[in-house]
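Observations on the model geometry
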Amino acid sequence: MMQEFSQRTIDELNQKKLFKLLLPPFQSFLESNVDKEIEKTRFAIYKSADARKNHRQPGNTDTEQLLQKAREIDQEFLRKASSLSSAINIQYHDIERIRKNRIDRLLGAAYHILKKWEDVPQFRVVVAGLYTRKQFHTLLYDILSLYIDETRILSNSVKIPRNLSFVRDSLLQTIHSVMEKVAEELAIELTGKIYKDRGL
């Protein structure tokens, strides 16, 4: 989902005249950022599976461990991407409330899906048994929306050339408007695939 979201966002941005010149560095940022988030999501799923294996629900300790892991992933990303390490100053006090909310949503959803999946092998049947169509759409959109909120804060921390600073606000607003549009479209599309032919 995250890779599709990122690619669709970039494709949409490529249609904007403003980005003919400015998109390349932001495209690299968006692609690298989504790769980080996929890794964080993977750890959240593993954490949910571990909780289920040990017959407990994920709790605050799991969330705090994932927040710490997310910081480590961020720092490793910055060390590898030397061109970005001096251009991004991550302000954790600004993003961790949003990040915690998203981790909690991922942990809860993954836990309940994995639990039911033990008895019901079809993923679509599992999801339809846990959520109404509207609830599942809201879950997907909320996860993407929280990612957009976090990206908004991170992108505000990216340094851009001084001669382009006058277009910064317009640039970022365009990016986030496109992301919100793509998030809604993708949430609708993925929900449709799950509930296709189910009359729900």
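Structural notes, computed from the coordinates. The structure displayed is predicted, hence computed values, not measured ones.

Overview of the nonpolar core
Ranked by size, the top nonpolar core spans 20 residues in total, and within it V127, Y131, F136, L139 and Y195 carry the most contacts. Only α3 (60–80), α5 (92–117), α6 (123–130), α7 (133–156) and α8 (168–195) provide two or more residues apiece to this core. For this core, the leading source of residues is α5, giving 5 residues. Not counting chain neighbours up to four residues away, the residues in contact with F136 comprise V127, Y131, T191, I194 and Y195. By size, the runner-up hydrophobic cluster in this structure holds 17 residues, among which are M2, F5, L13 and I175.

Here's the deal with the pattern of salt bridges
Summed over the entire model, instances satisfying the criterion amount to 22 salt bridges. Of the charged contacts, one joins K36 and D74 as a salt bridge, the two residues approaching to 3.1 Å between their closest N and O atoms. Remark: D74 occurs in helix α3 and K36 occurs in helix α2 (residues 19–53); sequence separation between them is 38 residues. We note that K36, like D74, is buried. The closest approach of N and O atoms between E39 and R42, which form a salt bridge, is 3.9 Å. Here E39 and its partner R42 are both found in helix α2, 3 residues apart, which amounts to about one turn of the helix. Classification of E39 by relative accessible area gives partly exposed; the value is 30%.

Here's the deal with the side chain of D62
Mapped onto the elements of the fold, D62 is located in helix α3. Residue classification places D62 among the buried residues on the basis of a relative accessible area of 3%.

Some thoughts on the side chain of T151
Here T151 is to be found in helix α7. From its side chain, T151 meets the backbone oxygen of Y147 in a polar contact 2.8 Å long.

Section: the packing of α7 against α8
The description of two packed helices rests on the angle between their axes and on the distance between the axes. Taken N-terminus to C-terminus, the directions of α7 and α8 make an angle of 160°; their axes are 9 Å apart at the nearest point. Here α7 is positioned roughly antiparallel relative to α8, judged by the angle of their axes. Pair α7 / α8 crosses with right-handed handedness.

A short note on the packing of aromatic side chains
Applying the stated criterion to the full structure yields 4 aromatic pairs. Between F5 and Y147 the ring centres are 5.9 Å apart and the planes differ by 80°, which places this aromatic pair in the edge-to-face class. One end of the pair, F5, is in helix α1 (residues 2–13); the other, Y147, is in helix α7, with 142 residues separating them in the sequence. Taken individually, F5 and Y147 each receive the classification buried, so the pair is uniform in this respect. Taking 5.9 Å as the distance between ring centres and 45° as the angle between the ring planes, the aromatic pair formed by Y131 and F136 counts as tilted. Grouping aromatic residues by their ring pairs yields a cluster made of Y131, F136 and Y195.

Scoring rules and cut-offs
- Residues numbered from 1 in each chain as written.
- Predicted model: local features only at pLDDT ≥ 70, side-chain atom pairs only at ≥ 80, totals over all residues.
- Heavy atoms only, no water.
- Core = buried A, V, L, I, M, F, W, Y, C linked by side-chain atoms within 4.5 Å.
- Buried < 20%, exposed > 50% of the residue type's maximum accessible area, 1.4 Å probe, protein only.
- Helix = DSSP H or I, 4+ residues; strand = E, 2+ residues; numbered from the N terminus.
- Contact = heavy atoms within 4.5 Å.
- Salt bridge = Lys/Arg side-chain N within 4 Å of Asp/Glu carboxyl O.
- Polar contact = N/O pair within 3.5 Å; in protein donor to acceptor, adjacent residues only side chain to side chain.
- Axes fitted to C-alpha atoms, helices over the stretch in contact; angles between N-to-C directions.
- Parallel < 35°, antiparallel > 145°, perpendicular 65-115°, else oblique.
- Left-handed = near helix turned anticlockwise from the far one by under 90°.
- Phe/Tyr/Trp six-rings, centres within 6.5 Å; stacked < 30°, edge-to-face > 60°.

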